[in-house]
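# An overview of the molecular structure
The primary structure of each chain is shown beneath.
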Amino acid sequence: MATEDLSFAYSHCESLVREADPDRFWASLFAPADKRPHLHALHAFNYEIARVRDSVREAMLGEIRLQWWRDALQGEVRGDVKANPVAAALDDTIVKFRLPRPALVSLIDARIFDLYDDPMPSLNDLEGYCGETSSSLIRLASIILMGGGDPGHADAAGHAGVAYAVTGLLRAFPWHARQGQVFLPTDILSRHGVVRDDIVTGRGGPGLKGALADLRAVARRHLDQVGTLRSTIPPEAAPAFRLLALVEPYLRIMERRDYDPFHTNVDLAQWRRIWALWRGPF
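Residues numbered from 1 in each chain as written. Predicted model: local features only at pLDDT ≥ 70, side-chain atom pairs only at ≥ 80, totals over all residues. Heavy atoms only, no water.

### Some details on the packing of helix 3 (residues 36-50) against helix 6 (residues 85-97)
If you want to describe how two helices pack, look at the angle between their axes and the distance between the axes. Following both chains from N to C, one finds helix 3 and helix 6 inclined at 130°, their axes separated by 9 Å at the closest point. As judged from the angle between their axes, helix 3 and helix 6 are oblique. Note that helix 3 runs across helix 6; the crossing there is left-handed. Along the contact surface, helix 3 presents His38, Ala41, Leu42, Ala44, Phe45 and Glu48, while helix 6 presents Val86, Ala89, Leu90, Asp92, Thr93, Lys96 and Phe97. (Axes fitted to C-alpha atoms, helices over the stretch in contact; angles between N-to-C directions. Helix = DSSP H or I, 4+ residues; strand = E, 2+ residues; numbered from the N terminus. Parallel < 35°, antiparallel > 145°, perpendicular 65-115°, else oblique. Left-handed = near helix turned anticlockwise from the far one by under 90°. Contact = heavy atoms within 4.5 Å.)

This is the structure in structure tokens:
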């Protein structure tokens, strides 16, 4: 692919991540400048996969779109895949850093769950979902930061991804509820006497706050585990873990007395986000 075309592709990815995924965009600024475009390509791909449900009218159309990305990663798409700037930048990044394509395909497969309104059966299932989506991104970002080498911290990346993803799902709770999606595990909801209709109708109930508190505890437990594994993270890969600096500030917002899970916008002012990232997670 021509250099100018790749330059446009990477620029497109940077703009997309800056607009759609500010947490990862600002965190990427703590990575070496020569690695940032490739992190943007990875995270732009993640955004494209994550937003498939919102961009189609029917689940089957979403499955078709995910299959296109699967085929693109495996070299089975007819036509010029690189006409898609995100696909072009991602493919260039995969080749340069020898990223494992199966991990990206697994991320796509995990996102099939998003297309439907099926319940999340258990906490174990939720942690697996977060691992295939969020943890794998941290692992792949670490490979980029290591110049294509093995970062060797799979456990730390696993816990980090779950901590960040569970927090993100809690932040998105009101939006998912309006869409008819429930990511809260059924086993946790049942323990607190909450059913799906309590959530998707906005009815809530006394048990909902307890269920949400349980999930916040899950996020913190995984965050603590990353802290115990800090010594296994190579310094070069540390920027992939910067996102964790935002977990605790987001969780604290959800623990305020005026927190309403259906209406509170759990977000940070840009300067607070950047300040937390600058201070770092450890």
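### Examining empty space enclosed by the protein
Leftover empty space is mapped by rolling, across the atoms, a probe with the size of a water molecule. A full pass over the atoms with the stated rule returns 3 cavities of 30 Å³ or more. In this structure, the largest cavity encloses a volume near 110 Å³. Along its surface, the largest cavity is lined by Arg24, Ala27, Ser28, Leu39, His43, Leu137, Ile138, Ala141, Leu145, Pro239, Ala240 and Leu243. It is helix 8 (residues 123-145) that contributes the most residues to the lining of the largest cavity, 4 residues altogether. Per-class residue counts for the lining of the largest cavity are 9 nonpolar, 2 polar and 1 charged. In this structure, the second largest cavity occupies an estimated 50 Å³ of space. If you go around the second largest cavity, the residues you meet are Leu126, Val166, Leu169, Leu170, Phe183, Leu184 and Leu215. (1 Å grid on protein atoms, 1.4 Å probe; cavity = no way out; pocket = protein on both sides within 12 Å on 5 of 7 lines; lining within 4 Å. Points joined across faces, edges and corners; volume = space filled by probe spheres on them. Nonpolar A, V, L, I, M, F, W, Y, C, P; charged D, E, K, R; others polar.)

### Things to note about helix 5 (residues 59-73)
Taking 1.5 Å of rise per residue, the 15 residues of helix 5 would be expected to cover 21 Å, and the 21 Å separating its terminal C-alpha atoms lies within 8% of that figure. Among the structural elements, helix 3, helix 4 (52-55), helix 6 and helix 7 (101-110) are those in contact with the buried residues of helix 5. Within two residues after helix 5, Gly75 carries a phi angle of roughly 70°, on the positive side. (Expected span 1.5 Å × (residues − 1).)

### A closer look at a nonpolar patch on the surface
Taken together, the side chains of Met60, Leu61 and Ile64 present a nonpolar region at the surface, about 280 Å² in accessible area. Position of Met60 among the secondary structure elements: in helix 5. (Patch = residues over 30% accessible without salt bridge, like charges linked within 9 Å, V, L, I, M, F, W, Y side chains within 5 Å. Areas by Shrake-Rupley, 256 points an atom, 1.4 Å probe, with all protein chains shown as cover. Salt bridge = Lys/Arg side-chain N within 4 Å of Asp/Glu carboxyl O.)

### Re the packing of aromatic side chains
With the rule as written, the count across this model stands at 8 aromatic pairs. Ring plane angle 75° and centroid distance 5.3 Å describe the contact between Phe25 and Trp26, whose orientation is recorded as edge-to-face. On the accessibility criterion, Trp26 (18% relative accessible area) is buried. Judged by centre distance (5.7 Å) and plane angle (45°), the rings of Tyr129 and Phe183 are tilted. (Phe/Tyr/Trp six-rings, centres within 6.5 Å; stacked < 30°, edge-to-face > 60°. Buried < 20%, exposed > 50% of the residue type's maximum accessible area, 1.4 Å probe, protein only.)

### Observations concerning helix 6
Between its first and last C-alpha atoms helix 6 spans 18 Å; for 13 residues at 1.5 Å apiece the expected length is 18 Å, and the two agree. Where burial is concerned, most of helix 6 is hidden: 10 out of the 13 residues are buried. Inspection of helix 6 places Pro85, Val86, Ala87, Ala88, Ala89, Leu90, Asp92, Thr93, Ile94 and Phe97 among the buried residues, and these make up the whole buried set. At the N-terminal end of helix 6, a side-chain oxygen is found 2.9 Å from the backbone nitrogen of Val86, two or three residues along, and the residue is Asn84. Where helix 6 ends, the next residue or the one after it, Arg98, has phi of about 55°, a positive value. (Polar contact = N/O pair within 3.5 Å; in protein donor to acceptor, adjacent residues only side chain to side chain.)

### Description of the layout of surface pockets
Quantified by volume, the largest pocket comes out at close to 1,100 Å³. Forming the boundary of the largest pocket are 35 residues, of which Ala20, Ala50, Gly168, Ala172 and His176 lie nearest the centre. Counting only elements with at least two residues in the lining of the largest pocket, the list comes to helix 2 (22-28), helix 3, helix 4, helix 8, helix 9 (154-171) and helix 10 (173-178). The class makeup of the residues in the lining of the largest pocket is 15 nonpolar, 8 polar and 12 charged. Ala245, Glu248, Pro249, Arg252 and Ala276 are the residues nearest the centre of the second largest pocket, which is lined by 16 residues in total.

### Re the environment of Ala219
Positionally, Ala219 belongs in helix 13 (residues 206-228). Leaving out residues up to four positions away in the same chain, Ala219 has contacts with Ala163, Val166, Thr167 and Leu251.

### With respect to the pattern of salt bridges
Scanning the entire structure with this criterion turns up 19 salt bridges. The partner of Arg101 in a salt bridge is Asp91, with the nearest N and O atoms 3.2 Å apart. Taken together, the residues Arg101 in helix 7 and Asp91 in helix 6 connect sequence positions 10 residues apart. Put simply, Asp150 and Arg139 hold a salt bridge, and the shortest N to O gap is 3.0 Å. With Asp150 in the loop between helix 8 and helix 9 and Arg139 in helix 8, this residue pair connects regions lying 11 residues apart in the sequence. On the basis of relative accessibility, which here comes to 59%, the residue Asp150 falls in the exposed class.

Taken by themselves, the reported measurements are silent on function.
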